[in-house]
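# Structural overview for review
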Amino acid sequence: MKEVIKYILDIFYPNRCPFCDDFIKWDATVCDKCLDSLEYIETCEKCGKTDCMCDKELYYDKAYVLFKYEGIVRESIIALKRKNGINAAEFYADKLSEQILKSEEKFDAIVPVPMAKSKKKDVGYNQAFVIADFIAKRLEIPVVDALIKAENTIAQHTLSKEDRIENVKGMFSSGDISLKGKRILLCDDVITTGSTVIECSRLLKEMEAEFVAVALAATTDLRNGS
Ligand SMILES: [Zn+2]
Ligand SMILES: [Zn+2]
């Protein structure tokens, strides 16, 4: 039924590629030209960075990362933060799900990196949740809001690298559930310094998760971001 609605909607609001804005088939998420131009990145399997940061205490055990945060990937993620180009979220989720299935790791639940309630009210949604939701459908596992983002935290990108590490402490807290023995997939759009996913993973392990892997659409080159 959903598919039929999507097909009919397409007549009135033609489906577009989130990267180049060209018209695409009603059931596609990206055009062939952009699909061919996207280059997958090779990162450290554990930390998900090209410049390995496994010397840090990560709290997560594995990382799935698709692309470098640049060019059309960067533009699509910025657009997604402004509630544009849901196709990009579905595309990233499809590709992450393929990687996860190929790795043969099994997960009990997917946890999106949370957004503060007030911010969610402004934007209308959390882009990490949108990607997580699509992955959850592919892997047939539930989305669990296991973490809470504190209100009025200072935006990571306004701070220096050292200040970000301090700032992230206390930015998140754990929800009132136990993840004892569970294998968790933590989902976010971009990894930069890793301080956000590290802190979220620390909390998930504190909630007794047995294994935590992170799923990310993109990574920056350097360890200078959130
Ligand atoms: Zn395109
Ligand atoms: Zn590494």
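Residues numbered from 1 in each chain as written. Chains lettered and ligands numbered in written order. Predicted model: local features only at pLDDT ≥ 70, side-chain atom pairs only at ≥ 80, totals over all residues. Heavy atoms only, no water.

## Comments concerning the packing of aromatic side chains
For the structure on display, the rule yields 8 aromatic pairs. Geometrically, the ring pair formed by F19 and F91 is edge-to-face, given 5.8 Å between the ring centres and 85° between the ring planes. Of the two residues, F19 sits in the loop between α1 (2-12) and α2 (32-37) while F91 sits in helix α4 (residues 86-103), which places them 72 residues apart along the sequence. Since its relative accessible area comes to 9%, F19 is described here as buried. Here the aromatic residues F19, Y40, F67, F91 and Y92 are joined through ring pairs into a cluster of three or more. In this arrangement the basic side chain of R183 is found over the ring face of F107, its NZ or CZ atom lying 5.9 Å from the centre. Between R183 and the ring centre of F211, over which it is positioned, the NZ or CZ distance is 4.1 Å. (Phe/Tyr/Trp six-rings, centres within 6.5 Å; stacked < 30°, edge-to-face > 60°. Helix = DSSP H or I, 4+ residues; strand = E, 2+ residues; numbered from the N terminus. Buried < 20%, exposed > 50% of the residue type's maximum accessible area, 1.4 Å probe, protein only. Lys NZ or Arg CZ within 6 Å of the ring centre and 35° of its normal.)

## Brief notes about the side chain of N126
Among the structural elements, N126 can be located in the loop between α5 (117-123) and α6 (127-139). In this view, N126 contacts V113, P114, M115 and K120; residues no more than four positions away in its chain are not counted. (Contact = heavy atoms within 4.5 Å.)

## Looking at the environment of I72
Position of I72 relative to the elements: it lies in helix α3 (residues 71-81). Residue classification places I72 among the partly exposed positions, given a relative accessible area of 26%. Apart from residues no more than four positions distant in its own chain, I72 is found in contact with F19, C34, S37 and L38.

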